[in-house]
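# Close look at the chain arrangement
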Amino acid sequence: MTFLHPWLLGGLVLAGIPILLHLLARRDPPTVAFPAVRYLVQATEEATRRLRLQHWLLLALRTLLVVALVLAAAGPQFPARGVPGHAPSALVLVVDNSASSGAVRDGEPTLDALRAAARAVLARAGSDDALWLLAADGVPRRGSAAELAGEVGGLAPATSRLDLGRAVALADEILASERRPGEIVVLSDLQQSALGAAAPRAPLLVARPERPVPANRGVAAVDPGAQPWPPEGGRVTVVLAGDSGAGGALGVQLGDRPVRQGYAAVGRPADVVLTAGGAGWQRVVAELAPDELRADDRRVGVVRLAPPVRAT
Amino acid sequence: MTRSSPAGRARLDLLEPRDVARLGGLEVTTEGIVEGFLAGQHRSPRRGFSVEFAEHRMYQPGDELRYVDWKILARNDRLYVRQFEEETNLRAMLVCDTSRSMAWTGDPAARLTKLAYMQRLAAAIALVLLRQRDACGLIAFDDAVRALVPPRAPLAHWQLLGRTLAGLAPGQGTAAEGALRQVVDVLRRRGLVVFLSDLLLDRTLALKALKFLRHRGHQVLVLHVMDPAELALAGAAEVRFEDPESGEAIVLRPRDWAAAFQRTVEQAIAEWRASCRRRGIAYFPVTTDRPFGGVLREVLDRRAGARRP
């Protein structure tokens, strides 16, 4: 324990004042002759022991009061440890379970790290705290720490994108309606695409997993070109995006037709020729070899095939 | 404050004891007290009669007219009353506590000490008894018997009793048993024992001795002489109270203990009263601010009880 104003501890000398007064009060009072002392003794003998105890307790309390005042004035500082109790407060926990949270690193998805961090935050909450959970779906959920911990456990990487700026603004609106002091905690892998502007009034704490984000590439677009395709098929252009410069095998399938293989890399769109098996709308699926982030390794498109020309 | 008789003379028996004491010595003021007391009686304290004539005595206000000797009045134009032998057969002993605790008053400017009050009260009782041709004696004690005057009936005996009472000085401790037992040696026949004390003594031993007197057939009257300051503590500052007899002391704030002290004293008085009643002993608490007349009346009422067969 340390003190902000240790020089004030000199005031502990004041604790001697009650003791000094006690000693001074013990000086001999004036003596008065009184024949009926026996009645005085009789009247007091039952209460004397109790009074003596009260007397000493009173002295101890007075001394402790002075000591407490001096210590309080000196400003004691205690090292933070454990989970200290806190006044009732409000908390909005933003968990970024967007697609990027599905990235796997060393066999562990990023979302698991975010879940663990969320549970740690919820564990510090008290029964009088107001808690909200905000995920990629943008729907605020209110509940107890245990309920929200269950919600966190049920989160899965979402295909939708979480705009952190809008999420923080929404959290700030929630806290504005609360009388209790509020705080926003954002748990995210902080993908650049998720970042947005926000100016919350409530304190904001942002945390992300310690491990670095792995390099990634994904299917950014499947372009079938002009449609409808002739009945015999057409050419699809697959565009990759990401920060990984390495290329990889690419499989493209049209409808139920066999998968056509190709090679693609970021910045180098791949053209794959597909043969059709019928007229109408057909699904086109482009899929990369799996990497750390599986969510963007596959993209689905549609293409319209013209019916065969009939001679009349 | 003074109260006057119908004749305009001050009734000393109704004055504040301190005021009476200022008027003169014990013997003089006692005469005045008794005169006033007898003048205020609706009936003469002499009760009962006997066919056996004893002597004549000058008429005094309060004497019943049926005892006036009209023949003497006719011959000498003086009022005499006849007295009978029956009225001389009471023998009374005054047992007076002169311990050091008796020489105390809570307010010297306003009240007599318990000893001074008791001296005057005892003298008045003695004079009343002697005037009624009762024999009266005196025993004074502290931790031992200090004075002994055997009971005698002549009115001249009052001089000896008065001088003895006036000469009483405060002694040391209190041991009433010896004095009370000595009464038995002095009062051979059944009589009246008036015990005047502040009762700051061993209650068990004193009651045992008083009970012994009752067993010997004596009427016993206990006059518990107290200063009003012994009934109620006063004062705010811390004081060391010291018993002048035993030297026992206690330090306390009177304000804090006034209620408890008063309860204890009242309980002690109640215990004395109950203990005396169980033994057939009359008990009267008397405070030193009380006029002598009322106390004398209680004593004489008790005397009447002693004379009844």
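These figures come from a predicted structure and were not determined experimentally. (Residues numbered from 1 in each chain as written. Chains lettered and ligands numbered in written order. Predicted model: local features only at pLDDT ≥ 70, side-chain atom pairs only at ≥ 80, totals over all residues. Heavy atoms only, no water.)

## A closer look at the interface of chain B and chain A
The interface of chain B with chain A comprises 27 residues on the first partner and 19 residues on the second. Counting the surface lost from both chain B and chain A, the interface buries some 2200 Å², and carbon and sulfur atoms represent 71% of this. A per-residue breakdown of the area chain B buries against chain A is headed by L200(B), R240(B) and W257(B), which together make up 24% of the total. The interface formed by chain B and chain A includes zero salt bridges. Our count for the contact surface shared by chain B and chain A stands at eight residue pairs in polar contact (both at pLDDT 80 or more). Of all the secondary-structure elements, those providing two or more residues to the side of chain B that touches chain A are β8 (239-242), β9 (249-252) and α8 (254-278) of chain B. Broken down by element, the residue count for the side of chain B that touches chain A peaks at seven residues, all from α8(B). Classifying every residue of the side of chain B that touches chain A gives 18 nonpolar, two polar and seven charged. (Contact = heavy atoms within 4.5 Å. Buried area = accessible area lost by both parts, 1.4 Å probe. Salt bridge = Lys/Arg side-chain N within 4 Å of Asp/Glu carboxyl O. Polar contact = N/O pair within 3.5 Å; in protein donor to acceptor, adjacent residues only side chain to side chain. Helix = DSSP H or I, 4+ residues; strand = E, 2+ residues; numbered from the N terminus. Nonpolar A, V, L, I, M, F, W, Y, C, P; charged D, E, K, R; others polar.)

## Here's the deal with the pattern of salt bridges
Pairing between side chains becomes possible if they bear opposite charge and their charged atoms approach one another. All told, the structure shown has 16 salt bridges over all chains when counted by the stated rule. Among the salt bridges present, the one from R298(A) reaches E287(A), with a minimum N-O distance of 3.7 Å. Taken together, the residues R298(A) in strand β17 (residues 298-305) and E287(A) in strand β16 (residues 280-288) connect sequence positions 11 residues apart. With a relative accessible area of 35%, E287(A) lands in the partly exposed category. Of the charged contacts, one joins E64(B) and R66(B) as a salt bridge, the two residues approaching to 2.7 Å between their closest N and O atoms. (Buried < 20%, exposed > 50% of the residue type's maximum accessible area, 1.4 Å probe, protein only.)

## Section: the environment of L162(A)
All names here are of chain A. You can see L162 is positioned in the loop between α4 (145-153) and α5 (164-176). Overall, L162 belongs to the buried group, its relative accessible area being 4%. Filtering out sequence-adjacent residues up to four positions away, L162 remains in contact with V94, V95, D96, S98, A135, A136, A167 and A194.

## Section: the confidence of the model for chain B
All names here are of chain B. Looking at chain B as a whole, the pLDDT averages 81, with 82% of positions reaching at least 70. Element-level pLDDT for chain B is lowest in helix α2 (residues 26-39), with a mean of 68, against a maximum mean of 92 in strand β7 (residues 219-226). Scored below 50 in pLDDT, residues 1-8 makes 14 contacts in the model with residues more than four places away or belonging to other chains. Here residues 42-51 scores under 50 on pLDDT; set against residues more than four positions off or in separate chains, the count is 29 contacts. ipTM for the predicted complex: 0.76, alongside a pTM of 0.51. (pLDDT = per-residue confidence, 0-100.)

## Notes on the packing of aromatic side chains
All chains considered together, the criterion is met by five aromatic pairs over all chains. Taking 5.6 Å as the distance between ring centres and 85° as the angle between the ring planes, the aromatic pair formed by F34(A) and W104(B) counts as edge-to-face. Residue F34(A) is located in the loop between β2 (31-33) and α2 (37-74), and its partner W104(B) is located in the loop between β3 (91-97) and α4 (114-131); the two belong to separate chains. Note on accessibility: F34(A) and W104(B) belong to one class, buried. Between F141(B) and F195(B), the ring centres sit 6.0 Å apart and the planes meet at 15°, which makes this aromatic pair stacked. Residue F141(B) is located in strand β4 (residues 135-141), and its partner F195(B) is located in strand β6 (residues 192-197); the two are separated by 54 residues in the primary sequence. Put simply, the rings of F34(A), W104(B), F241(B) and F261(B) pair up and form one aromatic cluster. Between the NZ or CZ atom of R181(B) and the centre of the ring of F212(B), over which it lies, the distance is 4.9 Å. R203(B) extends its terminal NZ or CZ atom over the ring of W272(B), reaching a point 6.0 Å from the ring centre. (Phe/Tyr/Trp six-rings, centres within 6.5 Å; stacked < 30°, edge-to-face > 60°. Lys NZ or Arg CZ within 6 Å of the ring centre and 35° of its normal.)

## Remarks on a nonpolar patch on the surface
Residue and element names in this part refer to chain A. A cluster of nonpolar side chains, L14, I17, L20, L21 and L24, forms an exposed patch at the surface whose accessible area comes to about 480 Å². Take L24: it is sitting in helix α1 (residues 16-25). Taking relative accessible area as the criterion, L24 reaches 48% and is therefore assigned partly exposed. (Patch = residues over 30% accessible without salt bridge, like charges linked within 9 Å, V, L, I, M, F, W, Y side chains within 5 Å. Areas by Shrake-Rupley, 256 points an atom, 1.4 Å probe, with all protein chains shown as cover.)

## Details of the packing of helix α7 (residues 203-215) of chain B against α8(B)
If you want to describe how two helices pack, look at the angle between their axes and the distance between the axes. Residues and elements named next belong to chain B. Taken N-terminus to C-terminus, the directions of α7 and α8 make an angle of 25°; their axes are 11 Å apart at the nearest point. Between α7 and α8, the interaxial angle falls into the category roughly parallel. In the packing of α7 onto α8, the handedness of the crossing is right-handed. Taking contact as the criterion, the partners of R203, A206 and L207 in α7 are, on α8, E271, W272, S275 and C276. Grouping the constituent residues of the contact of α7 with α8 by class yields four nonpolar, one polar and two charged. (Axes fitted to C-alpha atoms, helices over the stretch in contact; angles between N-to-C directions. Parallel < 35°, antiparallel > 145°, perpendicular 65-115°, else oblique. Left-handed = near helix turned anticlockwise from the far one by under 90°.)

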